[in-house]
Each structure stands twice: as structure tokens, then as C-alpha cells.
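Fold and contact review
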Amino acid sequence: MRFQPIATALAVGASAHLAQAAGLHDAAVAKGLLYFGSATDNPELSNTAYTTQLKNTADFGQITPGNSQKWDATEPSQNQFSFTKGDVVADLAAANGQKLRCHNLVWHQQLPNWVTSGSWTNETLTTVLKNHITNVVQHYKGKCYAWDVVNEALADDGSYRDSIWYKTIGEAYIPIAFEAAAAADPAAKLYYNDYSIEWAGAKSKAAQKIVQLIKSAGAKIDGVGLQGHFIVDQTPPRKDLASNLQSFVDLDVDVAYTELDVRMKTPATPANLQKQSTSFANVVGACLDTKRCVGITIWDWTDKYSWVPNTFSGYGAACPWDETFQKKPAYQGMMAVLGAASASASVSVAFTSASASASVAFTSASATPTSAISTPTPSSSAADFLPQPSAAAHIKAYFQCGGLNYKGSTSCASGLVCKKWNPYYHQCIQA
Ligand code: 9MR
């Protein structure tokens, strides 16, 4: 159990309506977290109804730019830096008194052509990497509570992703990146950030090894960001989420959920909205259960601007507010687990406690399907990463083939075997 601030302790003795926090961030802080926050993006900032809620610090004490600090935005041509869009979000955070999580410095996606099609040597690409990090981090010095220094360095099986960084520099690019970021802003918390590391398994273990790699190289890492792009019905139980968080904390780092959303088939049904509420509540609950879990960021707050429908055809409704900015049961579910039933708590929400671990399964569906698999899987589309619908299908390499509540085929394609990584996730790998 984490330390509870005096405000919460007082609230316990007060009558329920007096104890209500005004929103998710207030309630999270009352429970000892540093923040509850949301991602945002520049195009949607022209919608004033949207920005009004984004600025509501009762709900959001932290924001993350979803795109405008990425490499393609900040260094579109070599050594020509552009901070205009990123600054809009940084200035918004400062004006609102919200923490800024900065995202991200090194990734395999959203790289400009000059990076991806350059012919680099280990030495020249290392220079490019350091120059980028130094310039971007120095520009935002003092403004970022945390930086996602390296994003998604791992493939789904826990091997290193075959990115330009890894191919050219090897795993050393990771500590090099952390070292450069620390030199440019010693006060920013430096994070490794990835998806499908939210539960125990090969990829989570590999992320733990990355923490050790950085530390053993003498570089600083302060935290691990677990993105948390979940699917309704397939979110791990609270106790499993918490024990996985703890395995990172045991390495002496902070943890945070950095990109939380819970997608479902659209159109959303009342039953799925309730299940989604349980998923959100379990994730928030796991953070509460973990002493060094500092906060939770949702990957935008409204379905209107969620990345999900553009990536996973037929899926959406992944955020706690709907497209018309109405709160969904997920909002009430999180407020309830934060001990702060909201004023309009007419929606009855089931959330599981640490002990009430319903049997649920989840897949390793990639948050970023375009390049999530290191083994060549020609022309994979977002649909490939959804739960397998047909029992007859032969599952491709690194896709799910079993696990609790998994309903798809268990038959792997030729040359592959279905390997059980944990009770929830079995995967087709080379025999
Ligand atoms: O939300 C981002 C979306 O607008 C972009 O099109 C996409 C491009 O890859 O990136 C999204 O954000 C990703 C984040 O930076 C890293 N983790 C996965 C997120 C969803 O793809």
C-alpha cells in the first residue's frame, strides 16, 4: 500500500459527498500518485470544447504531446530543428500548471527520410543520434517532467527490434541515448517506454534487461513506461498487472502507465463499456498497489481523437470519454478505484479488487502494428494483430495461439510451435 496523503485520511472520516475529488488527477494525487494525465495532439487544439476539458486540471495534471516532439517533427532535415508544434503543447502545459511528459527521442517510427534512407556507419549514426537528443532535450530543458528516451526497442518476442538504430549501432544505442539525454537535462526523469510489457512474459523480461543494460553501462534511467494499449476482455487482472510493475520497481526504477486506452469492437455495447470500465479500473488499481508507480496517462481522453480506429479497423471507443465528450463508465470506474465516486455516479461500475481476479485473457496485439514484428511478416495489416477469429487459421510467427479465454486457432503455421509464455499468452514461434 502506498502512503496516503493527509487529505485522503481526512476524507475517510468525512461523509461521502464531502470526500469526492473533483476529478481523476485530484483523486489520484489524494491517493499518493503524482499525476493523472492525457496525451493530446496539435490538430485537436483548435477545438475549444476539447481544450476546455484538456485544461481541466481536476482531471488532468499532466499532458503528453502525441506526435509533435517526435523526430519527424523536431528534426525534419538533418540538423535543422523545428520546435513550433512541440512548443505549443509545452506552453499549454506550463500555462495550465500541468506536468509535461515528453515523447519521444529514439523510435523506429516517424523518422524522416534522411534518417531512414541515409547510409550510416555505427559512428556516423551515433553522432546523428546524440546530436538529435542533445538539441531536443536542451530545447525543452526544465520543461519535461520526464522524457521517453527510447521507445519500443523490442519486438513482440522480446528480441531487439530490427530498427535502423539496432542494425547500425547494436544495443549500445540505448545507453548512448540515455547518456546524451541525461547530459542535456539532468533533472528530467528518463524513461524506457514500450507496449506488451504490462504483463509477465518474454517481452517484459527483455525490458527489464534493458533497464539493467542502461545501468550497467553507467547511464541514468529513472523509469519504465508501460504504454497500456489494452483490449476489452483481454486486460490482465489487477494483481498480475501490479506484480509485473513490481518486477520493474525491483530494479530501482519508477514505473508509469504512459499511453492507456482499452479498445473494443465498434459500435460499443453497454456490456463492453462496463468491461472497459473494469479494465481501466484494474490498471489504475495496479498503479495504486505499486509504491513507485508515479502516474497514469491516457492516450487522449476522447474517442473523437483516439488513434485506435485509424489503426485497428472495426475497433475503437478506447477512451474514457466518448466522441461527444460524454464521460463513459470507464471514468466512473477509475474514480471509484481512486476512492472518489464522482458526482454523477449513477452508472454502476464493477471493478475487481486485487483478489477478485476474473479469468481474462489478453493478446500481444501490437500498439504499433506496422512494424511490431522483427521476423519478416510480409504485408501485415492492423487486422493481423487482432484476436484470431477462425479456429481453422494457421497462426503466423509471433501471433497468439492460446491462453486463458483465447478463442482463436491454436494451430501454428508450418515450422512454428505454439509456446506457452504464461497462462494468458501462448505464441507461435520457430520450432
Ligand atoms: O497517437 C499517435 C498517432 O497519432 C500516430 O499516428 C502514431 C504513429 O505511429 O503514433 C501514435 O502514438 C504512438 C506512440 O507514439 C507510441 N506508442 C504507440 C502509440 C499509438 O500508435
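Residues numbered from 1 in each chain as written. Predicted model: local features only at pLDDT ≥ 70, side-chain atom pairs only at ≥ 80, totals over all residues. Heavy atoms only, no water.

1. Thoughts on the pattern of salt bridges
Quick note on the threshold: Throughout this description, the term salt bridge denotes a Lys or Arg side-chain nitrogen within 4 Å of a carboxyl oxygen of Asp or Glu. Helix and strand assignments follow DSSP, with helices taken as H or I runs no shorter than four residues and strands as E runs no shorter than two, numbered in order from the N terminus. Burial classes follow relative accessibility: with a 1.4 Å probe on protein chains only, a residue under 20% of its type's maximum area counts as buried, one over 50% as exposed, and anything between as partly exposed.
Under the definition given, this model contains 10 salt bridges. As a salt-bridge pair, R101 and D148 come within 2.9 Å of each other at their nearest N and O atoms. Taken together, the positions of R101 in strand β3 (residues 99-106) and D148 in strand β4 (residues 146-151) put the pair 47 residues apart, joining distant regions of the chain. Exposure remark for R101: the relative accessible area of 0% places this residue in the buried category. Given the relative accessible area of 1%, D148 is considered buried. Salt-bridge contacts for R292 lead to D252; the nearest nitrogen and oxygen are separated by 2.5 Å. In this pair, R292 is assigned in the loop between α13 (270-289) and β9 (293-298) and D252 in the loop between α12 (238-249) and β8 (254-265), connecting sequence segments 40 residues apart.

2. Remarks on the site of the ligand
Threshold: Proximity is defined per residue: if any heavy atom of the residue lies within 4 Å of a molecule or strand, that residue is considered near it. Here a polar contact is recorded for every N or O atom pair within 3.5 Å, except that within protein the pair must consist of a potential hydrogen donor and a potential acceptor, and residues adjacent in sequence are included only if both atoms are side-chain atoms. Accessible surface area values rest on a Shrake-Rupley calculation with a 1.4 Å probe, where residue burial reflects the displayed protein chains alone. Gly falls in the polar group here, along with every residue not listed as nonpolar (Ala, Val, Leu, Ile, Met, Phe, Trp, Tyr, Cys, Pro) or charged (Asp, Glu, Lys, Arg).
Near the ligand you find 15 residues, and of these K70, H103, Q109, E152 and E259 are the closest. A distance of 3.1 Å is found between a nitrogen atom of the ligand and a side-chain nitrogen or oxygen belonging to Q227. Protein chains shield 78% of the accessible area of the ligand, which is 450 Å² for the free molecule. In terms of residue class, the shell around the ligand is built from 4 nonpolar, 8 polar and 3 charged.

3. Focus: the state of the cysteines
The test is simple: To count as a disulfide, a pair of cysteine sulfur atoms needs to be within 2.5 Å.
The full count for this structure, using the stated rule, is 2 disulfides. Each sulfur of the disulfide joining C102 and C144 lies 2.1 Å from the other. Where C102 bonds to C144 through sulfur, the torsion about that S-S bond is close to -85 degrees, and the disulfide is left-handed. In this pair, C102 is assigned in strand β3 and C144 in the loop between α8 (122-139) and β4, connecting sequence segments 42 residues apart. An identical accessibility class is assigned to C102 and C144; each is buried. Covalently, C287 is tied to C293 through a disulfide, its sulfur atoms 2.0 Å apart. Across the S-S bond linking C287 and C293, the dihedral sits near -100 degrees, which makes this disulfide left-handed. There is no split in this pair, since C287 and C293 are both buried.

4. Considerations on the confidence of the model for the chain
Worth spelling out the cut-off: Every residue gets a pLDDT, meaning the predictor's confidence in that residue, from 0 to 100. By definition, residues are in contact when any of their heavy atoms lie within 4.5 Å.
Per-residue confidence for the chain averages 85 on the pLDDT scale, and 79% of its residues sit at or above 70. Ignoring residues within four places in sequence, the model shows residues 5-19, a span with pLDDT below 50, making 7 contacts including any to other chains. Predicted confidence for residues 342-391 stays below pLDDT 50, and this span has 137 contacts to residues more than four positions away or in other chains.

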